[in-house]
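Observations on the model geometry
What follows is each chain in one-letter form.
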Amino acid sequence: MKKLPYQKGNDHTSEMAQQRREFIKELTGAALKHVGSFSFDPNVLPGNIENFAGVAQVPMGIAGPIKINGEHAQGEFFIPLATTEGTLVASYNRGMKLLTEAGGVTCTVLDDAMQRAPLFVFDNARFSRSFGNWVTTNFNKIKKQAEETTKSGKLRDIEQYTVGKMRFLRFNYTTGDAAGQNMVTKATHKACQWILEQKPEGLEYFVLSANMDTDKKHSHLNTLRTRGKRVVAEATIPNKLLEKNLHVSSKALFKHRHLANIGVFLANASNNGSHSANGLTAMFIATGQDVANIAESSAGIFYSEVKENGDYYVSITIPSLIIATYGGGTGLPTQRECLEMLGCVGKGKVYKLAEIMAGVVLAGELSLSSAIVSNEWVSSHEALGRNRK
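Read on for a plain summary of the structure. (Residues numbered from 1 in each chain as written. Predicted model: local features only at pLDDT ≥ 70, side-chain atom pairs only at ≥ 80, totals over all residues. Heavy atoms only, no water.)

A cis geometry characterises the amide bond from Gly-64 onward to Pro-65, with omega recorded as 10°. Inspection of the secondary structure assignment puts Pro-65 in strand β1 (residues 60–70). Positive phi, normally seen in glycine, also occurs at Asn-211, with a value near 80°. Here Asn-211 lies in the loop between β7 (203–207) and α6 (220–225). (Helix = DSSP H or I, 4+ residues; strand = E, 2+ residues; numbered from the N terminus.)

Written out as structure tokens, the structure is:
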């Protein structure tokens, strides 16, 4: 079997990328001309990609401005959205226009936690109970061990969950401007090695992770307890603006929301809104986030009220928004440019980015639900969303 070209210690170069493209062309006939067209030096890529061969270019549009009234993001922002779905940018754009005309969207980060959840299995449930009590008593010692591995990670607390003789410990950290999955893995590993050195009585088996940290998959536990940033976006929109801009009334939207909640109940979906994943994924790609985290980040809770004067109060709660302004793909050239566009480069900017993303999600919720209610959904996709070339 032929092997892909590789050069140990010097593999992230334009020359090695070209060798791999030529290798693929020889095998498959695919020239990879556009894949091989990129503007940055591959030397920036170690830690982000292996066997680099080129780029998958995603079109990026700009929506906005959207006015954000946050504690960290304040003012009007133009939003980079990388997507191949026609109508997406236009739809979010009209939602942003509505929210801005209404005075902006108020955004608030409520919680912040990243997890790793090791499992300890004992000979019986009584040993498990004793161990749980020991963990509670020795939390400060465990915290010290964990935090020796990181400058920015802080162990907040350790949740405990039991089944039979098994005890899951869910370590909750704050992680600064990083998303933090690797950070908390290293910290928890160090803490657990110290725990094992104390020789817990009756311990039968240990593993660093057994799926209760829920990496890159939705869980109801995250909706209740938070993973990443828990952020709320809310606004009150005058009914006259809804009718002028989105061609619907607050009462019609509110009725649709009740009916849509029944559908979500039957489907057992993780979000009772319309399409949080669309805007978040487009922003994730543009700003260098780990796109697989959309599995958790797309969960949401949409709520609305019709006020006595007919105005429409709306909110979206995103319970597990996993994002970063430092580390991962956020430092790559185009991704950093998009973060610069949002003013989200530098220390202490991750909450600002969370507030902006929440506001964008709310804009998309209003736009799509209004298009459905006003019977403009199909016509807009026919006009903007069909690339038949």
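Right, picking up where we left off after that structure.
Our focus in this paragraph is the packing of helix α9 (residues 276–287) against helix α11 (residues 333–342). At a minimum axis separation of 7 Å, α9 and α11 run at an interaxial angle of 115°. Here α11 runs roughly perpendicular to α9, going by the angle between their axes. Between α9 and α11, the contacting residues are Met-283, Ile-285, Ala-286 and Thr-287 on the first element and Thr-334, Gln-335, Cys-338, Leu-339 and Leu-342 on the second. Partitioning the contact of α9 with α11 into residue classes produces six nonpolar, three polar and no charged. (Axes fitted to C-alpha atoms, helices over the stretch in contact; angles between N-to-C directions. Parallel < 35°, antiparallel > 145°, perpendicular 65-115°, else oblique. Contact = heavy atoms within 4.5 Å. Nonpolar A, V, L, I, M, F, W, Y, C, P; charged D, E, K, R; others polar.)

We now examine a nonpolar patch on the surface. Together, Met-60, Ile-62, Phe-78 and Met-341 make up an exposed nonpolar region whose accessible area comes to about 370 Å². Mapped onto the elements, Met-60 comes out in strand β1. The partly exposed category is assigned to Met-60, whose relative accessible area is 41%. (Patch = residues over 30% accessible without salt bridge, like charges linked within 9 Å, V, L, I, M, F, W, Y side chains within 5 Å. Areas by Shrake-Rupley, 256 points an atom, 1.4 Å probe, with all protein chains shown as cover. Salt bridge = Lys/Arg side-chain N within 4 Å of Asp/Glu carboxyl O. Buried < 20%, exposed > 50% of the residue type's maximum accessible area, 1.4 Å probe, protein only.)

Below, the discussion takes up the nonpolar core. Membership of the largest hydrophobic core comes to 50 residues, with the highest contact counts inside it found for Ile-66, Ile-79, Leu-99, Leu-321, Ile-356, Leu-362 and Leu-366. Considering every element that reaches this core, the biggest residue donor is helix α12 (residues 350–373), with eleven residues. Ranked by size, the runner-up nonpolar core spans 24 residues in total, among them Ile-142, Leu-155, Phe-171 and Ile-195. (Core = buried A, V, L, I, M, F, W, Y, C linked by side-chain atoms within 4.5 Å.)

Moving on, we get to the packing of helix α2 (residues 88–101) against α12. Where α2 contacts α12, the axes come no closer than 7 Å and their chain directions differ by 105°. With respect to α12, the element α2 is oriented roughly perpendicular. Of the residues in α12, those in contact with Ser-91, Tyr-92, Arg-94, Gly-95, Met-96, Leu-98 and Leu-99 of α2 are Gly-359, Val-360, Val-361, Leu-362, Ala-363, Gly-364, Leu-366, Ser-367, Leu-368, Ser-370 and Ala-371. A breakdown of the residues in the contact of α2 with α12 according to their chemical character gives eleven nonpolar, six polar and one charged.

Summarising burial for strand β8 (residues 228–237): eight of the ten residues are buried, a large majority. Where strand β3 (residues 105–116) and β8 come together, seven bridges link them in antiparallel fashion. In the strand pairing of β8, Asp-111 is matched with Arg-230. Here eight bridges tie β8 to strand β10 (residues 312–321), and the two strands are oriented antiparallel to one another. Each residue of the ladder has a partner; that of Thr-236, found in β10, is Tyr-313. (Pairing = 2+ DSSP bridges.)

Looking now at the pairing of strand β9 (residues 301–306). For a regular strand, side chains alternate in direction, first toward one face of the sheet and then toward the other. Pairing between β9 and β10: six bridges, direction antiparallel. What sits directly across from Ile-301, in β10, is Thr-317. Adjacent in sequence and paired antiparallel, β9 and β10 are bridged by five residues, among which Gly-310 carries a positive phi angle near 95°.

When you line up the elements, Gly-202 lands in the loop between α5 (181–197) and β7. Counting along the chain gives ten residues from Gly-202 to Met-212, while the straight-line C-alpha distance between them is 22 Å. Not counting residues within four places of it along the chain, the set of residues in contact with Gly-202 comprises Val-121, Phe-122, Asp-123 and Phe-127.

Each aromatic ring pair is described using two quantities: the centre-to-centre distance and the angle formed by the ring planes. According to the stated counting rule, one finds ten aromatic pairs in the structure shown. For the pair Phe-131 and Trp-134, a centre-to-centre distance of 6.1 Å together with 15° between the ring planes defines the contact as stacked. Of this pair, Phe-131 and Trp-134 both sit in helix α3 (residues 125–137), three residues apart, which is roughly one turn of that helix. Judged by its relative accessible area of 26%, Trp-134 falls in the partly exposed class. Geometrically, the ring pair formed by Trp-134 and Trp-194 is stacked, given 5.9 Å between the ring centres and 25° between the ring planes. One end of the pair, Trp-134, is in helix α3; the other, Trp-194, is in helix α5, with 60 residues separating them in the sequence. Here the aromatic cluster, defined as three or more aromatic residues joined through ring pairs, consists of Phe-120, Phe-122, Phe-131, Trp-134, Trp-194 and Phe-206. (Phe/Tyr/Trp six-rings, centres within 6.5 Å; stacked < 30°, edge-to-face > 60°.)

What follows concerns the environment of Leu-221. Mapped onto the secondary structure, Leu-221 falls in helix α6. According to the relative accessible area criterion, Leu-221 is buried, its value standing at 18%. Distance from Leu-221 to Ser-320, taken between C-alpha atoms, is 10.0 Å for residues 99 residues apart in sequence. With residues up to four places along the chain from it excluded, the contact list for Leu-221 reads Tyr-161, Arg-170, Met-212 and Thr-226.

The subject of this paragraph is helix α1 (residues 14–28). Taking 1.5 Å of rise per residue, the 15 residues of α1 would be expected to cover 21 Å, and the 21 Å separating its terminal C-alpha atoms lies within 8% of that figure. Looking at α1, one finds that the buried residues are Met-16, Ala-17, Arg-20, Arg-21 and Phe-23. Take α1 and look down its axis: the buried residues cluster within an arc of 155°, on one side only. The exposed set on the far side of α1, more than 90 degrees from its buried face, consists of Glu-15 and Glu-26. Following α1 by one or two positions, Gly-29 has its phi on the positive side, about 90°. (Expected span 1.5 Å × (residues − 1). Arc of directions from axis to C-beta.)

The topology assignment puts Lys-229 in strand β8. In terms of polar contacts, Lys-229 uses its side chain to reach the side chain of Asp-112, at 3.3 Å. Here Lys-229 is in contact with Asp-111, Asp-112, Gly-176, Ile-318, Pro-319, Ser-320, Leu-321, Ile-323, Val-350, Tyr-351 and Ala-354, once residues within four sequence places are set aside. (Polar contact = N/O pair within 3.5 Å; in protein donor to acceptor, adjacent residues only side chain to side chain.)

Keep in mind that these numbers describe shape and distance, not what the molecule does.
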